[in-house]
Amino acid sequence: MSTAQDKKVILPSVGHFINGQRIVDAGRSQAIFNPATGEAIRQVVLAETDTVKSAIDAAQNAFVDWRNSTPLSRARIMFRFKELIEKHSETIVSLITEEHGKVLDDARGELQRGIENIEYACGAPELLKGEHSRNVGRGIDSWSEHQPLGVVAGITPSNFPAMVPLWMYPLALIAGNTFILKPSERDPSSTLFIGELLKEAGLPDGVFNLVNGDKEAVDILLSDNRVQAVSFVGSTAVAEAVYQKGSANGKRVQALGSAKNHAVIMPDADLDNAVSALLGAAYGSCGERCMAISVAVAVGTETATKLVESLAERIGTLTLGNGTDTSSQLGPLITEEHRDRVKGYVDLGLEEGANLIVDGRSQLAEEPGFFLGPCLFDNVASGMRIYQEEIFGPVLCVVRVESLEQAIKLIDEHDYGNGTCIFTRDGEAARYFSDHIQVGMVGVNVPLPVPVAYFSFGGWKRSLFGDQHIYGPEAVRFYTRSKVITQRWPTGGVREQAKFSFPGSD
Ligand code: NAD
């Protein structure tokens, strides 16, 4: 039998991609697990200062040529990149499932949403167009331009190893920036596989670089003054620190954080549809989504009773298992530590006095991997930690209220404001809700209102630090600096005398 030490030696290494080359440096590393089996399958090397600096050198050196390339040539690279991802999609999807644990169909969905960001970026010539005005003064024209920032960085979370990086670099690149990606160290293989396809698509070396690593790598990206901007997606604890450090160092930063997304179930809702929607939104990807519904707010006692009964019955039919098994609807959680943390919240909910209607902890013992069955709490109160904190697991909390106003007040008082939705047949209630709720993304009979690629994604309150949302039109603004040029060519030999009044436009 091999020891843990032997295993560590033979694990294949996942390295970096710098200046068009795959680099595996000696030094610190960390095991990557298959969460469905609990086995260590690879090790990721964790970049130290010199490696991160070499990625910044490569991105800085590649910037001037890339900045001067045409938007259309950049778009063509994106077209080829999309085709290559589609060609290799099943390999990518398998890597996502193997390292994250989500079921294959869910991995396919994530990849598809990522591809849609590339499709949007293919409109580079149109997206980067400025505005032009002739004769802002006599013989004077003005126009605006969106110029690239330079070297920009992205730091991404474990729960969407393919999609979230694709929220960032296709748009950063078509805008003429060079990029350094630091993916999650827990499931980096699909991210690296996709990133390397950019070279095959024709991207010049150094324009896109990927460093694997942890806080040490992030800290260098946040402090090196050649990095102009940072996009971060992850937990709020890290997002806030990244935002503060990056901003203090003069960088443009957008940092998207944690969530607690509420679904309001009105008395007139189509309950069967609402329950189907809640099952997918609460337990899909084992609750490891920043847009997962983790709180169902039932309006009225009768609604609450029927909702809890129906949820409990249908949760009993859900199948938990290895994500590669097509009959599985829920896979494992990403790490043993995280599974134990989520289980700890279930224990805590009982101590806090909530009613545990479905107890997924019973499924723990039977599985070798990091599994936890779906859990349902009723009578959750707003003062409980299981209500206030992001659990990020298959745990749905039902809160009972008497009116839509109470539901809105509850949601508005929560620290997080990523997504929310309302289930109702009443258009007036739906409009009032979407008009007033203090949350960035709202669904009406849509449980996961993740904006499509040609809108932008972002929460409010402590779910986002920074002014601009991610991907879509706001990303074009985030990854560019606007400049207005005012130009005059004297015509007919007319020369003006010196003027000392402030220029007007007549
Ligand atoms: P995480 O915060 O642990 O890690 C995110 C990234 O930050 C990783 O690349 C990680 O290496 C890095 N990191 C971790 N600790 C750090 C530190 N101390 N200093 C600097 N960098 C550090 O998040 P996760 O567990 O990988 O992902 C899940 C979290 O991400 C959840 O909270 C979820 O809500 C959030 N998320 C938010 C969105 C959104 O759009 N708002 C999208 C996806 C995930």
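Just so it is clear, the structure is predicted and the values come from calculations on it, not from any experiment. (Residues numbered from 1 in each chain as written. Predicted model: local features only at pLDDT ≥ 70, side-chain atom pairs only at ≥ 80, totals over all residues. Heavy atoms only, no water.)

## Some remarks on the sheet that holds strand β19 (residues 419–423)
Strand order in the open sheet made by the seven strands is β15-β16-β17-β14-β13-β19-β20, with mixed pairing throughout. With partners counted over all chains shown, the strands left at the sheet margins are β15 (355–358) and β20 (441–444), one partner each. Going across the sheet, the axis of each strand differs from the next one's by a mean of 20°, ignoring polarity. The pairing of strand β13 (residues 261–265) with β19 spans four bridges and is classified as parallel. Bridge pairing in β19 links A263 to C421. (Pairing = 2+ DSSP bridges. Helix = DSSP H or I, 4+ residues; strand = E, 2+ residues; numbered from the N terminus. Axes fitted to C-alpha atoms, helices over the stretch in contact; angles between N-to-C directions.)

## What about the pairing of strand β9 (residues 178–182)?
In terms of burial, β9 is largely enclosed, as five of its five residues are buried. Direction of pairing for strand β8 (residues 151–155) relative to β9: parallel, over a ladder of five bridges. Along β9, the bridge assignment pairs A153 with I180. Handedness of the crossover joining β8 and β9 through helix α7 (residues 163–174) is recorded here as right-handed. In the sheet, β9 pairs with strand β10 (residues 208–210) via three bridges, with the strands oriented parallel. When the bridges of β10 are listed, I180 appears paired with N209. Regarding the hand of the β-α-β motif, the stretch spanning β9, helix α8 (residues 189–200) and β10 is right-handed. (Buried < 20%, exposed > 50% of the residue type's maximum accessible area, 1.4 Å probe, protein only. Right-handed = clockwise from strand over helix to strand, strands pointing away.)

## Notes on the site of the ligand
Neighbouring the ligand are 26 residues, the closest being T156, K182, E185, S235 and E390. R186 is positioned such that a nitrogen or oxygen atom in its side chain is 3.2 Å from an oxygen atom of the ligand. Between the ligand and the protein, one listed contact pairs an oxygen atom with a side-chain N or O atom of S258 at 3.3 Å. Out of a free accessible area of 840 Å², the ligand has 88% covered by protein chains. Mapped onto the shell around the ligand, the elements with two or more residues apiece are α9 (215–223) and β11 (227–233). Here the residues of the shell around the ligand sort into 12 nonpolar, nine polar and five charged. Each of domain 1 (9–257 + 463–484) and domain 2 (261–444) contributes no fewer than three residues to the shell around the ligand. (Near = heavy atom within 4 Å. Polar contact = N/O pair within 3.5 Å; in protein donor to acceptor, adjacent residues only side chain to side chain. Areas by Shrake-Rupley, 256 points an atom, 1.4 Å probe, with all protein chains shown as cover. Nonpolar A, V, L, I, M, F, W, Y, C, P; charged D, E, K, R; others polar. Domains from an automatic or database assignment.)

## Remarks on the confidence of the model for the chain
The share of residues in the chain with pLDDT of 70 or more is 97%, and the mean pLDDT across the chain is 95. Of the regions scoring below 50 in pLDDT, residues 1–8 engages in three contacts with residues more than four places distant in sequence or in other chains. (pLDDT = per-residue confidence, 0-100. Contact = heavy atoms within 4.5 Å.)

## Considering the environment of S285
Here S285 shows up in the loop between α11 (271–283) and β14 (293–299). Overall, the relative accessible area of 7% leaves S285 in the buried class. It is 26 Å that separates the C-alpha atoms of S285 and K215, two residues lying 70 residues apart in sequence. Contact partners of S285, with chain neighbours within four places excluded, come to H100, K102 and D106.

## A short note on the environment of A296
Here A296 lies in strand β14. Expressed as a C-alpha distance, the spacing of A296 and T420, which sit 124 residues apart in the sequence, is 10.0 Å. Sequence-distant contacts of A296, that is, excluding residues within four places in its chain, are made with A263, L278, L307, L396, C397, V398 and V399.

## Quick notes on the packing of aromatic side chains
Applying the stated criterion to the full structure yields 11 aromatic pairs. Aromatic pair W167 and F457: ring centres 4.6 Å apart, planes at 40°, arrangement tilted. One end of the pair, W167, is in helix α7; the other, F457, is in the loop between β20 and β21 (460–461), and 290 residues separate them in sequence. F457 shares its class with W167; the two are buried. (Phe/Tyr/Trp six-rings, centres within 6.5 Å; stacked < 30°, edge-to-face > 60°.)

## Remarks on the nonpolar core
One finds F81, Y169, L171, L173, F179, F208 and Y479 to be the most contacted residues of the largest nonpolar core, which totals 68 residues. Discounting residues that sit within four places of it in the chain, F208 has contacts with F17, Y169, L173, F179, L181, G195, L198 and L203. (Core = buried A, V, L, I, M, F, W, Y, C linked by side-chain atoms within 4.5 Å.)

## Let's talk about the pattern of salt bridges
Applying the stated criterion across every chain, the model contains 32 salt bridges. Between R22 and E196 there is a salt bridge, with the nearest N and O atoms lying 2.7 Å from each other. Taken together, the residues span a long stretch of sequence, with R22 in strand β3 (residues 21–23) and E196 in helix α8 at a distance of 174 residues. In this structure, the salt-bridge partner of D205 is K199, at a minimum N-O distance of 3.1 Å. (Salt bridge = Lys/Arg side-chain N within 4 Å of Asp/Glu carboxyl O.)

## Section: the sheet that holds strand β6 (residues 132–137)
The strand order β6-β7-β23 describes an open sheet built from three strands, whose pairing is antiparallel. The sheet is open, and its two edges are formed by β6 and β23 (480–488), each paired on a single side. With strand direction ignored, the average angle separating the axes of adjacent strands in the sheet is 30°.

## Some points on the domain arrangement of the chain
In terms of domains, the chain is made up of domain 1 (9–257 + 463–484) and domain 2 (261–444). For domain 1 and domain 2, the distance between their C-alpha centroids amounts to 31 Å. Counting the surface lost from both domain 1 and domain 2, the interface buries some 1800 Å², and carbon and sulfur atoms represent 60% of this. When the buried surface of domain 1 facing domain 2 is broken down by residue, A36, V103 and S463 rank first, second and third, together holding 27% of it. Remark: the boundary between domain 1 and domain 2 carries one salt bridge. Taking the shortest distance from any N to any O, the salt bridge between R289 and D106 comes out at 2.9 Å. (Buried area = accessible area lost by both parts, 1.4 Å probe.)

## Structural notes on the pairing of strand β12 (residues 252–256)
By the criterion of burial, β12 is predominantly enclosed, with four of the five residues buried. Looking at chain direction, β11 and β12 are connected through five bridges and run parallel. Pairing of V233 across the sheet is with L256, part of β12. As a crossover connection, the stretch from β11 through helix α10 (residues 236–248) into β12 is right-handed. With two bridges joining them, β12 and strand β22 (residues 464–465) adopt antiparallel strand pairing.

## Details of helix α13 (residues 336–352)
Under the 1.5 Å per step criterion, the end-to-end length of α13 is 24 Å for 17 residues, consistent within 8% with the ideal 24 Å. Considering only its buried residues, α13 is in contact with β15, β16 (375–378), α14 (385–388) and β17 (395–401). Immediately downstream of α13, the backbone of G353 shows phi near 100°, a positive value. (Expected span 1.5 Å × (residues − 1).)

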